[in-house]
Amino acid sequence: MGGANMVSALNVANSILQKGFSEDIDITPMKLQKLTYLVYKKFYQDTDMVLFQDKFEVWKYGPVIRSIYDAFKGYRGNAIKHYHKEVDGSILIANEETSPSFKKAIETIWEKYKLYDGIPLSAMTHRKGTAWYKAAKRGDMYLSDKDIKDEEVFVS
């Protein structure tokens, strides 16, 4: 998924929400951040390519994509009820069918982590040795892709 086909973090977030809505599984903003992170990590570890250009920021409760935070912050700790809409009102969802690697990443992560809520997911993403932990120790604003690639799988 390179060049003009590059998806945004919000497209991936909408794809995750689609799974939640279809299975009636609640996704809070924190849970959405962490699932987006895990999909990005899995895709990167499998393909050696970044899924989207947005960078993960080092926040208190783990990695955060600013655009996802801004889009859903009104929900606070509550379950998200609507997709993110583009300025023109359209809803963009990353197409799993165009990329087997993306389909595998999102399906694998969803099946492993869909029943966890945001707090345990957050705890996983900022424990000792994670990409978040390393970036925080260095005083960096963003997680390093290399650290994300090297990070362990939390739930096997």
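Here is a short report on the structure shown in this document.

Cut-off values and rules
Residues numbered from 1 in each chain as written. Predicted model: local features only at pLDDT ≥ 70, side-chain atom pairs only at ≥ 80, totals over all residues. Heavy atoms only, no water. Helix = DSSP H or I, 4+ residues; strand = E, 2+ residues; numbered from the N terminus. Contact = heavy atoms within 4.5 Å. Buried < 20%, exposed > 50% of the residue type's maximum accessible area, 1.4 Å probe, protein only. Axes fitted to C-alpha atoms, helices over the stretch in contact; angles between N-to-C directions. Parallel < 35°, antiparallel > 145°, perpendicular 65-115°, else oblique. Nonpolar A, V, L, I, M, F, W, Y, C, P; charged D, E, K, R; others polar.

Points about the environment of proline 63
The residue proline 63 is located in strand β2 (residues 62-64) in this model. Sequence separation between proline 63 and tryptophan 132 is 69 residues, and the spatial gap between their C-alpha atoms is 6.2 Å. Ignoring anything within four residues of it in the chain, the contact list for proline 63 reads Gln33, Lys34, Tyr37, Phe56, Glu57, Thr125, Trp132 and Leu143.

Things to note about unusual backbone geometry
Residue aspartate 24 is not a glycine yet carries a positive backbone phi of 60 degrees. Positionally, aspartate 24 belongs in the loop between α1 (9-23) and α2 (29-47). Overall, aspartate 24 belongs to the exposed group, its relative accessible area being 71%. Of note in the backbone geometry, arginine 76 takes a positive phi value of approximately 50 degrees without being a glycine. Here arginine 76 lies in the loop between α3 (66-72) and α4 (100-113).

Observations regarding the packing of α1 against α2
Interhelical geometry of α1 versus α2 gives an angle of 110 degrees and a closest axis separation of 10 Å. With respect to their mutual orientation, α1 and α2 come out roughly perpendicular. Contact residues: α1 offers Ala9, Val12, Ala13, Ile16 and Leu17, while α2 offers Leu32, Leu35, Thr36 and Val39. Here the contact of α1 with α2 is built from residues that sort into 8 nonpolar, 1 polar and no charged.

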